[in-house]
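# Structural overview
These are the residues of each chain, in order.
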Amino acid sequence: RFHHTSTSCLCSCSKTVSDEKYQDPFQLGRKDLKNLYEDIKKELLVSAAELKEMCDYYFDGKGKAFRPMIVVLMARACNIHHNNSREVQASQRSVAIIAEMIHTASLVHDDVIDDANSRRGKMTVNQIWGERKAVLAGDFILSAASVALARIGNTTIISVLTQVIEDLVRGEFLQLGSKENENERFAHYLEKTFKKTASLIANSCKAVSILGCPDPKVHEIAYQYGKNVGIAFQLIDDVLDFTSCANHLGKPAAADLKLGLATGPVLFACRQFPEMNAMIMRRFSKPGDVERARKYVLQSDGVQQTTYLAQRYCHEATREISKLRPSPEREALIQLTEMVLMRDK
């Protein structure tokens, strides 16, 4: 049922009456993200050759720059909404750079915690340089992001973006725990998803809206859009862990189960197969647990239900952003919600 209501709403929202023609979000945001990775490398100026090599490793320009893309599109959409300004301010572009740096630092640290050996189709920093150096590299990228943040010189923006770093740590702690009660478990999962993934997008969108427009209503729209898109993005990520092959993902399939994590598809499947409860509580640690859990998920409607939930979050993101004045950037942000749902890696 949700599937039909959500998709029809999504389609109708994306055809908002507007003289602005549809534009590909990645084309539209590209001009503001030109030299993004070169600029990040300038923030990471270090004398130690090995540290520099580690920091540059993920900033190779091959990432999709999904987060900076949303941030610059949101900046333009808010600027146009406020005073029809079609320029992205230097401080708003800095937020996009800082968002990508915080995100990458969190990946480096996550890979250490998870003892991961591949990311984005290549070996992880911890596999090449070892765990200790990887932790320090992640710390260094975070400290460079903090310096760039201080340079913006706006205490409100500093407060909004440091919240992201706090949320990332709290989210990781939530992930290390598990809940006995089934209802609590789902709330715990969504809270962890917000803190680990959506907070960065929500607060970065809020930050550029504050820099571009004085209206608190607009700040809330930007925040809600980022929050809902961020949660949907992670839900689809959790689905792909079951439906996509390892080569396509750039990391091992069923990685979450191997880490002992019960994501959306597992929690939905557990309603149909209560015998999964014991496996969830022991974090799939017994021999054969991972394979059995994967089989149960694929036999259940867990993947479908998680996808429906992602559609609901995307629909909510579209509803929020539609409150801004029409612009190519607003339409691109609506289009981006559909791209989040359709992605296959």
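Refer to the structure presented above.
Residues numbered from 1 in each chain as written. Predicted model: local features only at pLDDT ≥ 70, side-chain atom pairs only at ≥ 80, totals over all residues. Heavy atoms only, no water.

## Quick look at the state of the cysteines
Using the criterion set out here, one finds zero disulfides in the structure. The cysteine C205 is free of any disulfide, with C78 supplying the nearest cysteine sulfur at 8.0 Å. Given the relative accessible area of 0%, C205 is considered buried. (Disulfide = S-S within 2.5 Å. Buried < 20%, exposed > 50% of the residue type's maximum accessible area, 1.4 Å probe, protein only.)

## Comments concerning the packing of aromatic side chains
Both the distance between ring centres and the angle between the ring planes are used here to describe each pair of aromatic rings. This structure, assessed with the given rule, holds seven aromatic pairs. In this structure an aromatic cluster arises from ring pairing among Y57, Y58 and W129. Taking NZ or CZ as reference, R67 lies 5.3 Å from the ring centre of F233, over its face. For the cation-ring pair, K122 lies above Y57, with the distance from its terminal atom to the ring centre recorded as 4.0 Å. (Phe/Tyr/Trp six-rings, centres within 6.5 Å; stacked < 30°, edge-to-face > 60°. Lys NZ or Arg CZ within 6 Å of the ring centre and 35° of its normal.)

## Things to note about empty space enclosed by the protein
As enumerated under the stated definition, the model contains two cavities of 30 Å³ or more in all. Estimated volume of the largest cavity: approximately 170 Å³. Taken together, 16 residues make up the lining of the largest cavity; nearest its centre are G177, S178, H188, L261 and A262. Of all the secondary-structure elements, those providing two or more residues to the lining of the largest cavity are α9 (155–176) and α10 (182–212). When residues in the lining of the largest cavity are grouped by element, the largest group, four residues, is from α10. (1 Å grid on protein atoms, 1.4 Å probe; cavity = no way out; pocket = protein on both sides within 12 Å on 5 of 7 lines; lining within 4 Å. Points joined across faces, edges and corners; volume = space filled by probe spheres on them. Helix = DSSP H or I, 4+ residues; strand = E, 2+ residues; numbered from the N terminus.)

## Things to note about the pattern of salt bridges
In this structure the tally under the stated criterion is 18 salt bridges. Measuring nitrogen to oxygen at the nearest pair gives 3.0 Å for the salt bridge that ties E172 to K196. Within this pair, whereas E172 is found in helix α9, its partner K196 is found in helix α10, the two being separated by 24 residues in sequence. On the basis of relative accessibility, which here comes to 8%, the residue E172 falls in the buried class. In this structure, the salt-bridge partner of R319 is E316, at a minimum N-O distance of 2.9 Å. Pair noted here: R319 and E316 are both in helix α17 (residues 302–321), with a separation of three residues, about one helical turn. On the basis of relative accessible area, R319 is assigned to the partly exposed category, the value being 41%. (Salt bridge = Lys/Arg side-chain N within 4 Å of Asp/Glu carboxyl O.)

## Things to note about the layout of surface pockets
Size it by volume and the second largest pocket reaches roughly 220 Å³. Every residue lining the second largest pocket is counted, 14 residues in all, and those nearest its centre are S106, H109, L168, V169 and E172. For the lining of the second largest pocket, the secondary structure elements donating two or more residues are α6 (90–114) and α9. Here the lining of the second largest pocket is composed, by residue class, of nine nonpolar, two polar and three charged. (Nonpolar A, V, L, I, M, F, W, Y, C, P; charged D, E, K, R; others polar.)

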